[in-house]
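Okay, here's what each chain looks like letter by letter:
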Amino acid sequence: MVFFRLFLAILCLWTLASRADSQQIEAILKEADTWIISDTARIHAYIDSCNKATDSRLKSSRFWNDTYRDLSFLMGIDNLGQPQIDNTGRIYFTMRITGQIEHLFYVDEPLGWPRQLTPNNWAEEGLNIYYFEVHPSGDFVLVGVMKHGSEKHNIWLFNRDGGFRPLLTDPNIGYSNVVFKSRDEFYLMVSTDTSRQLCIYSIPKGTLRLVHREREWIDISDHEPGRLLCTRWFSFSESQLFMIDERTGKTKNLTGRGYFASAAFAGDGKIICISDALSKSDEMNKLVLIDPAGKSKPALLYDPRLEIDNFVAVPRARACISLLNRDGYSEIAAIDLAGKPLIAPSNEPGVISEISANDFGEFVYSYNAPNRPNSIFLGRLDLKSKEKVAEVTDFGFDFSGVDVQVVKYRSKDGSLIPALLYLPKDIRKNADNPALVIYHGGPPDQSRPGFQRNVAFALAKGFILMFPNVRGSTGYGAAYERADNLEGRFKALEDAVAALDFLTDEKYSNPSKIGIWGGSYGGYTVNFIAVTAPEKFACAVSEVGVADVDYGNTHGDVTFQQGWELEFGPIGSKLTRDLSPIFKAGAIKRPIFLTAGYNDPRVFAGDPRRFGYLLSKLGKDVIYYESLTSGHWGTSKQQVIEEFTRAYVFFQDHLLGK
């Protein structure tokens, strides 16, 4: 009886303390909301004060100078990607040589001299290439450009001879999803923070005309004479294909609700797409054929029994080329429209992130591996050989010591969770190694064994690096990707915490030597762990991470609001509140470093700004940094170097400094 009374007394005190914490948090947030996104002068003063305090603290560290020097060298190494090929055989790609941003280049033959198309002064103006689309003829390229990471993409036209001019420029509008109708016209999506609509642009006339709009989030996928192929997205894991008649503007649903992605016309009237329509719950997505004229269900085209990352259709050749995903490593597979395998080039284990083909079966792709920077290769349908198109230097740095293992660890409910594990040379299982657990963004994304310059730096400093692919990640089938929706989010977050247990259980590290790190949804994961499992780690870095699910979903860009509700729960629900770290902020016990991008369209800057302000008022050990000239990530080489330097100095101070 005495024990029971003591238990009730403790429970009562805990309840009263929790209620007091909640009331204090609500009061601070109520005060913050009077100015945190509305009073420009006060916002800038707050950001300036926080940035100065953060820089003062980090730059006074004994680790700053060496870290900045080493990362400046590593992150200064050239980069290239986004290869595309036109019907003349000219190959285009983005590359950064010595400047602050990537520019658009082309070569007329493999390993030819690269010629730059985009102007050097874009870096000075804060402009970045977000995407580009090459007209199949090779006559011109459309380049999507954003300023300071805003993702409000403007479109510039670059002629084959190098001349260029802006076509669509508005700082408040994003122009994306370009699909060519003809030499003179192209379809595109036109987006603001509150609307998204399908339009057509005439290059000779300079006119933009509305074609279609609806309540759901839609993308245009492909075009052939008379019809547009579009995708309606309800959430990240649920979509529907539909078609628009060019003449009448009427729509026709081609599928029910399921998972349908990367849809393209096959060249014979049918449609190829990646789908789970023919998959059992424990199976991967497959390539399926859909007949718009028929009433039959999708037909199987190809089942590699691996995740299909993407594919490109080659209608004239009646074929398609797929990128397959085996534990994060890429494989190329080519098939004809009967599903018959065609010969395709192979590569050493690594990651292929982009692929593009022309009408004649020539295709280009970017390849990298944990210890190899990006290269671009040219292949041809039904040939095993490939040619290197372009590569970047490693400046003589030896990346051979970068090695990665694919491991699986058990979550709280016994599920096996895949992860990448990087170990320094001569590691000892003495439970005393510094370690960083790094959570990817998304939610639907995957940490993959690609080339990351900063990994070499971390390993050289003795850090173990672990990249969990928790439930909700891509790469492991549709069911795994959907497993984190709604209440399943708690299981995914338990997966994230279990990664910390793996490091301690395997005697790699201990809670006083473990840091947690993530950006975007990974930042949200860090925030949630910080308030629910503070005893399992020593410090945290949350970059552009959500703290209040409803706040993030009702501010900034709200065009995908319904999709987010299917992922996290209805706005105003108990579920979204329970999933929001900000309301548990009183439980934070470890130092935390928060960041935001002033122009971020994905994680509205007011959310991490508000979280940082709350933590400071609660007396927590928090530092906050908000870049006024970036969005969801650093847009210049210098910004990226400084972002990594701040994070690594913070971790070294707390994990190595003692």
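Since the structure is predicted, the reported quantities are computational estimates derived from the model, not experimental observations. (Residues numbered from 1 in each chain as written. Predicted model: local features only at pLDDT ≥ 70, side-chain atom pairs only at ≥ 80, totals over all residues. Heavy atoms only, no water.)

Caption draft 1: Layout of the overall build of the protein chain. A count of helices and strands for the protein chain gives 12 helices and 36 strands. Scaling as 2.2 N^0.38, a compact globule of 658 residues should have a C-alpha radius of gyration of about 26 Å, and the protein chain matches this with 25 Å. For the protein chain, the spread of C-alpha atoms along the three principal axes comes to 80 × 55 × 50 Å. Each of the 658 residues in the protein chain was classed as buried or not, and the buried ones make up 56%. By sequence separation, contacts in the protein chain at least 24 residues apart represent 56% of the contacts at least 6 residues apart. (Helix = DSSP H or I, 4+ residues; strand = E, 2+ residues; numbered from the N terminus. Rg over C-alpha atoms; globule rule 2.2 N^0.38 Å. Buried < 20%, exposed > 50% of the residue type's maximum accessible area, 1.4 Å probe, protein only. Contact = heavy atoms within 4.5 Å.)

Caption draft 2: Focus on the packing of helix H6 (residues 488-505) against helix H7 (residues 521-532). Where H6 meets H7, the axes come as close as 10 Å, and the angle between the chain directions of the two elements is 75°. Judged by the inter-axis angle, H6 sits roughly perpendicular to H7. Together, Arg489, Phe490, Leu493, Ala496, Val497 and Leu500 of H6 and Tyr521, Tyr524, Thr525, Phe528 and Ile529 of H7 make up the contact between the two elements. (Axes fitted to C-alpha atoms, helices over the stretch in contact; angles between N-to-C directions. Parallel < 35°, antiparallel > 145°, perpendicular 65-115°, else oblique.)

Caption draft 3: Molecular detail of the nonpolar core. Counting residues in hydrophobic clusters, the biggest one holds 58 residues, and the most contacted among them are Tyr409, Leu421, Tyr439, Met466, Leu503 and Ile529. For this core, the element with the highest residue contribution is H6, accounting for eight residues. Apart from the residues lying within four places of it in its own chain, the contact partners of isoleucine 529 are Tyr439, Ala496, Val497, Leu500, Ile516, Pro534 and Phe537. The next biggest cluster of nonpolar side chains, apart from the first, holds 37 residues, and it includes Val404, Ala458, Phe650 and Leu655. (Core = buried A, V, L, I, M, F, W, Y, C linked by side-chain atoms within 4.5 Å.)

Caption draft 4: Here's a closer look at empty space enclosed by the protein. Enumeration according to the criterion identifies two cavities of 30 Å³ or more in this entry. Reported here for the largest cavity is a volume of approximately 50 Å³. Lining the largest cavity, in full, are Tyr439, His440, Pro468, Val470, Ala496, Tyr521 and Thr525. Split by residue class, the lining of the largest cavity holds five nonpolar, two polar and no charged. Within this model, the second largest cavity holds a volume of roughly 40 Å³. In terms of lining, the second largest cavity is formed by Arg215, Glu216, Trp217, Trp233, Phe234, Thr559, Phe560, Gln561, Gln562 and Gly563. If you list the elements that add at least two residues to the lining of the second largest cavity, you get strand E14 (227-235) and helix H9 (561-568). Considering each element in turn, the lining of the second largest cavity owes the most residues, three residues, to H9. Its residues assigned to classes, the lining of the second largest cavity shows four nonpolar, four polar and two charged. (1 Å grid on protein atoms, 1.4 Å probe; cavity = no way out; pocket = protein on both sides within 12 Å on 5 of 7 lines; lining within 4 Å. Points joined across faces, edges and corners; volume = space filled by probe spheres on them. Nonpolar A, V, L, I, M, F, W, Y, C, P; charged D, E, K, R; others polar.)

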